[in-house]
Amino acid sequence: MTSAGARTCPNCGRDRPESFCAHCGQSDRDYARALWSVAGEFVRETFEVDSRLLRTLKLLMFRPGSLTREFSRNRRAGFVSPVRLYIFASFLFFLLLSLRGDFRSAGVLNTTEENFGSSLTEEQAEDATAQPPTEERLEAFRAGLPPEQQRKADDILARPAGNVARQIFVGMGGGAGVAELGWVERSVQLSAIDMLHDPSIIPRRLIANMPIAMFCLLPVLGLVLAVFHFRKKRFYVEHLVFAIHVQTFAFLIYSVALLLPESGPGYWVRVGCLLAPYPYFVIALRRYYENGWVLTLAKSVGMYVLYSLALIPAFVISVFVTG
């Protein structure tokens, strides 16, 4: 239903000759009307969004590099924005990962207390305690810890003499006390005590912190792409969008892998999903930057190495960052 003042924007009071106000952006839609009309419009908009999403996923998943090429050609209206798609994919992946606890089940991090807290052999124990700190030094180290870490230290020291975590903690006791350290070393040492006490916090911290770390690393991957393709004369934002699309694909395909069984035919499909991001990356590079296959493959290896130099520290930092 259209009011008499339909040509005047009710939000800002300016003239509105088109469907959208040129000043504030509000559309000419009026929701003060019959429910069935509003519901019909909602359904229509929902299917329009679904159509955009399906079109986006089709290019992203099955034509590597094509979605970024459409962005570079300024054909954006028919696709989901790169950042929105990335946020959705990363949220889905890390949600599934947290629900499955996949770091343990896949054996990526063998950090159960039974494994990490196992005893050393007699020879290894003798080597580890060749020059142990004195009781006074160890007690002074313990006394300098915050109350929570003191409690955890007592639990660790109560374990058998050959226990791996105990031996590492005793070795830490021979160094500088917490009060003598800078804030970075102090944080690392306190986090190390947390992990010695309960190794399962390693995957939990990774799952909690990696979404932010991966998002922060996107500009790094974009910079690596720009360096390796500086002759292409593309803007940095184009390289960044390519990085976002590649990372989004990895999140989505890993999400599929998490939903597949770990035995039977599903296992091999899962392995294929886990290996898919690299060939996808190579094909996307070839299609978007239009280099030959040999040069593309060589560049992909170099970029993976450089990106790993940033990715590995990000994983390490994620383990030591507390929530």
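Please read all numbers here as calculations on a predicted model, not as lab measurements.

Undergrad: Kindly report on the overall build of the chain, identifying the contributing residues and their values.
TA: Helix and strand content of the chain: 15 helices and zero strands. In the chain, buried positions account for 37% of the 323 residues. Pairs at least 24 apart in sequence give 64% of the contacts found in the chain among residues at least 6 apart. Per element, the accessible surface of the chain, about 19000 Å² overall, is 64% carbon and sulfur.

Undergrad: Outline the state of the cysteines, listing residues and values.
TA: By definition, a disulfide links two cysteine residues through a covalent bond between their sulfur atoms. Under the counting rule described, the total for this entry stands at zero disulfides. Left without a disulfide partner, Cys-12 is nearest to the cysteine sulfur of Cys-21, which lies 3.6 Å away. With no disulfide partner, Cys-24 has as its closest neighbouring cysteine sulfur the one in Cys-9, 3.6 Å distant.

Undergrad: Any chance you could break down helix α7 (residues 135-143) for me, citing the residues and the numbers?
TA: Listed as buried for α7 are Leu-138, Phe-141 and Arg-142. End-on, the buried residues of α7 take up no more than an arc of 100°, which puts them together on one face.

Undergrad: An account of the environment of Val-269 is requested, with residue identities and associated values reported.
TA: Along the polypeptide, Val-269 turns up in helix α13 (residues 265-275). Separated by 12 residues in sequence, Val-269 and Ala-257 have C-alpha atoms that sit 7.7 Å apart.

Undergrad: Just give me the short version of the packing of α13 against helix α14 (residues 277-289), but keep the residues and values in it.
TA: Running from N to C, α13 and α14 cross one another at 45°; their axes reach a closest spacing of 5 Å. With respect to their mutual orientation, α13 and α14 come out oblique. For the pair formed by α13 and α14, the contact residues are Cys-273, Leu-274 and Leu-275 on the first element and Pro-277, Tyr-278 and Pro-279 on the second. Class assignment of the residues belonging to the contact of α13 with α14 gives a composition of six nonpolar, no polar and no charged.

Undergrad: Would you mind going over the pattern of salt bridges in detail, with residue names and values included?
TA: When the charged atoms of two side chains with opposite charge come close together, those side chains can pair. Under the counting rule described, the total for this entry stands at six salt bridges. A salt bridge links Arg-151 to Glu-148; the shortest N-O distance between them is 2.7 Å. Within this pair, Arg-151 and its partner Glu-148 are both found in helix α8 (residues 147-157), separated by three residues, close to a single helical turn. Looking at Glu-148, the relative accessible area reads 39%, which means it is partly exposed.

Undergrad: Describe α13, naming the residues involved and giving the relevant values.
TA: All of the buried residues along α13 are Gly-266, Arg-270 and Cys-273. Taken around the axis of α13, the buried residues stretch over an arc of 60°, which confines them to a single face. Exposed and facing more than 90 degrees away from the buried side of α13 are Pro-265, Trp-268 and Leu-275.

Undergrad: An account of the confidence of the model for the chain is needed here, citing residue identities and associated values.
TA: This prediction gives the chain a mean pLDDT of 78; 77% of its residues lie at or above 70. Helix α4 (residues 102-105) is the least confidently modelled element of the chain, averaging 44 in pLDDT, while α14 averages 95, the highest of any element. Of the regions scoring below 50 in pLDDT, residues 102-129 engages in 49 contacts with residues more than four places distant in sequence or in other chains.

Undergrad: I'd like to hear about the nonpolar core, residue by residue, with values.
TA: One finds Phe-94, Met-214, Leu-225, Phe-242, Phe-251, Phe-281 and Leu-285 to be the most contacted residues of the largest nonpolar core, which totals 48 residues. Listing elements by their share of this core, those giving two or more residues are α1 (35-62), α3 (82-100), α11 (201-228), α12 (236-259), α14 and α15 (293-320). Looking at this core, the element that brings in the most residues is α11, giving 12 residues. Leave out the neighbours within four places in its chain, and Met-214 touches Tyr-86, Phe-94, Gln-247, Phe-251, Tyr-307 and Leu-311.

Undergrad: So, the packing of aromatic side chains: which residues are in play, and what are the values?
TA: For the coordinates displayed, the defined rule picks out 14 aromatic pairs. Ring centres 5.6 Å apart and planes at 65° place the aromatic pair Phe-94 and Phe-251 in the edge-to-face group. Highlighted residues: Phe-94 in helix α3 and Phe-251 in helix α12, separated in sequence by 157 residues. For the pair shown, Phe-94 and Phe-251 are each scored as buried. The interplanar angle of 80° and the centroid separation of 4.8 Å between the aromatic rings of Tyr-288 and Tyr-289 together place this pair among those described as edge-to-face.

Undergrad: Provide a residue-level description of the side chain of Glu-238, including the pertinent values.
TA: Mapped onto the fold, Glu-238 is located in helix α12. When its relative accessible area of 11% is taken as the criterion, Glu-238 is described as buried. A distance of 3.3 Å separates a polar atom in the side chain of Glu-238 from a polar atom in the side chain of Arg-234. In this view, Glu-238 contacts Thr-68, Ser-72 and Tyr-288; residues no more than four positions away in its chain are not counted.

Undergrad: Go over unusual backbone geometry, please, and point to the residues and values.
TA: For Asn-74, which is not glycine, the phi torsion reads 65° and is therefore positive. Look at Asn-74 and you get exposed, because its relative accessible area is 53%. Of note, Lys-233 is a non-glycine position whose phi angle comes to about 55°, a positive value. Within the secondary structure layout, Lys-233 lies in the loop between α11 and α12. When its relative accessible area of 73% is taken as the criterion, Lys-233 is described as exposed.

How each quantity is defined
Residues numbered from 1 in each chain as written. Predicted model: local features only at pLDDT ≥ 70, side-chain atom pairs only at ≥ 80, totals over all residues. Heavy atoms only, no water. Helix = DSSP H or I, 4+ residues; strand = E, 2+ residues; numbered from the N terminus. Buried < 20%, exposed > 50% of the residue type's maximum accessible area, 1.4 Å probe, protein only. Contact = heavy atoms within 4.5 Å. Areas by Shrake-Rupley, 256 points an atom, 1.4 Å probe, with all protein chains shown as cover. Disulfide = S-S within 2.5 Å. Arc of directions from axis to C-beta. Axes fitted to C-alpha atoms, helices over the stretch in contact; angles between N-to-C directions. Parallel < 35°, antiparallel > 145°, perpendicular 65-115°, else oblique. Nonpolar A, V, L, I, M, F, W, Y, C, P; charged D, E, K, R; others polar. Salt bridge = Lys/Arg side-chain N within 4 Å of Asp/Glu carboxyl O. pLDDT = per-residue confidence, 0-100. Core = buried A, V, L, I, M, F, W, Y, C linked by side-chain atoms within 4.5 Å. Phe/Tyr/Trp six-rings, centres within 6.5 Å; stacked < 30°, edge-to-face > 60°. Polar contact = N/O pair within 3.5 Å; in protein donor to acceptor, adjacent residues only side chain to side chain.

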